[in-house]
Amino acid sequence: MKKVGLVLTWICMVLSTAEAEQLATPVPITIYAGPLIDLSRLPTPKPLPGGTEFREPPIKPQVPVNPPVRLPPLQPNRDTVPKTPQKQPPARPGRVETPPEFKKYERFPVWDEFYQKFKRCEPDCEPRVNNLLRPGDPRCHGVGAAIDIDGMRCKREGAVQAYRNSRFEKMVNCMRYEQKMLTLWKNGSDKTGGHHDHAHFSVGCHSGY
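Residues numbered from 1 in each chain as written. Predicted model: local features only at pLDDT ≥ 70, side-chain atom pairs only at ≥ 80, totals over all residues. Heavy atoms only, no water.

J.: What is the right way to look at the overall build of the chain in this model?
T.: Counting its secondary structure elements, the chain contains three helices and five strands. Reading the secondary structure of the chain in the N-to-C direction produces α-α-β-β-β-α-β-β. When each of the 209 residues of the chain is scored for burial, the buried share is 27%. Considering only contacts within the chain whose residues lie at least 6 apart along the sequence, 46% involve residues at least 24 apart. (Helix = DSSP H or I, 4+ residues; strand = E, 2+ residues; numbered from the N terminus. Buried < 20%, exposed > 50% of the residue type's maximum accessible area, 1.4 Å probe, protein only. Contact = heavy atoms within 4.5 Å.)

J.: Teacher, can you tell me more about the nonpolar core here?
T.: A general tendency of soluble globular proteins is for nonpolar side chains to be buried together. Phe 114, Phe 168, Met 171 and Phe 201 are the most contacted members of the largest nonpolar core, which totals 31 residues. When residues of this core are traced back to their parent elements, those giving at least two are helix 2 (111–121), strand 2 (146–154), helix 3 (166–178) and strand 5 (199–202). Setting aside chain neighbours within four positions, we find Phe 168 in contact with Ile 149, Asp 150, Gly 151, Met 152, Val 160, Gln 161, Ala 162, Trp 185 and Ala 199. (Core = buried A, V, L, I, M, F, W, Y, C linked by side-chain atoms within 4.5 Å.)

J.: I would appreciate a short explanation of the packing of helix 2 against helix 3 in the present structure.
T.: Between two packed helices, the angle of one axis relative to the other and the distance separating the axes together describe the packing. As a packed pair, helix 2 and helix 3 sit with axes 9 Å apart at the nearest point and diverge in direction by 125°. In terms of orientation, helix 2 lies oblique with respect to helix 3. Relative to helix 3, helix 2 is oriented so that their crossing is right-handed. Of the residues in helix 3, those in contact with Phe 114, Lys 117, Phe 118 and Cys 121 of helix 2 are Met 171, Cys 174 and Met 175. Among the residues making up the contact of helix 2 with helix 3, the classes are represented as six nonpolar, no polar and one charged. (Axes fitted to C-alpha atoms, helices over the stretch in contact; angles between N-to-C directions. Parallel < 35°, antiparallel > 145°, perpendicular 65-115°, else oblique. Left-handed = near helix turned anticlockwise from the far one by under 90°. Nonpolar A, V, L, I, M, F, W, Y, C, P; charged D, E, K, R; others polar.)

J.: Where do I start with the packing of aromatic side chains in this structure?
T.: Any aromatic ring pair is given by two values, namely how distant the centres are and how the planes are angled relative to each other. Applying the stated criterion across every chain yields a total of nine aromatic pairs. Where Phe 102 meets Trp 111, the ring centres are 5.2 Å apart and the plane angle is 45°; that geometry is what we call tilted. Judged by relative accessible area, which is 5%, Phe 102 ranks as buried. For Trp 111, a relative accessible area of 1% corresponds to the buried category. Ring centres of Trp 111 and Tyr 115 lie 5.1 Å apart, and the angle between their planes is 20°; on these two criteria the pair is classed as stacked. Here the residue Trp 111 and the residue Tyr 115 both occupy positions in helix 2, the gap between them amounting to four residues, near one helical turn. Assessed through its relative accessible area of 1%, Tyr 115 is described here as buried. Taken together, the ring pairs in this structure connect Phe 102, Tyr 105, Trp 111, Phe 114, Tyr 115, Phe 118 and Phe 201 into an aromatic cluster. Of note, Lys 191 hangs over the ring of Tyr 163, and the distance from its end group to the ring centre comes to 4.3 Å. (Phe/Tyr/Trp six-rings, centres within 6.5 Å; stacked < 30°, edge-to-face > 60°. Lys NZ or Arg CZ within 6 Å of the ring centre and 35° of its normal.)

J.: Looking at this structure, how should I read unusual backbone geometry?
T.: Most peptide bonds take the trans form, and the phi angle of most residues other than glycine is negative. The backbone phi angle of Lys 180 is positive, close to 60°, even though this residue is not glycine. For Lys 186, which is not glycine, the phi torsion reads 55° and is therefore positive. By relative accessible area, which is 40% here, Lys 186 ends up partly exposed.

Quick look at the structure:
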């Protein structure tokens, strides 16, 4: 038994010594010493199926959750904005505006032509209207196409009567011969019916009366 114990002890010592030698022996390291790899010769990667290539998705702009509220500009109050004055059309050359006292006659067809011609003959006078519209008259006065005046009011002379007055007769002749106004004056023996105390002027009527 003593010999067996010695043998076992020797075997253990041998094994321990061999294991220690194995651990102390360096392990050989193999280093690759082959040629270098040329990366430029590597094959180009093929595109994805369908003819499309991989692309990074575009970056979407970030939208604020609560964007700022933009209010419309304040509109001026129409009542406070000053209105641009409208330009009046220029008056025709040589035209005379009707005075306020005669505005009521502007609606009759005879008035405008008569008054414009009268002011060319007597620019410093105003006519004194005796008769214009005569309702029911089948002639010129019935449609407002004739006017009778029995005098004038002039700046220097004052009132000018029609009967036996040279100034009034001068005006009548101007209206008849220069302004070509249809005129009835001294066409009878009667003072009124023959147009001695007033002159008759008309437009666009059949008989002149």
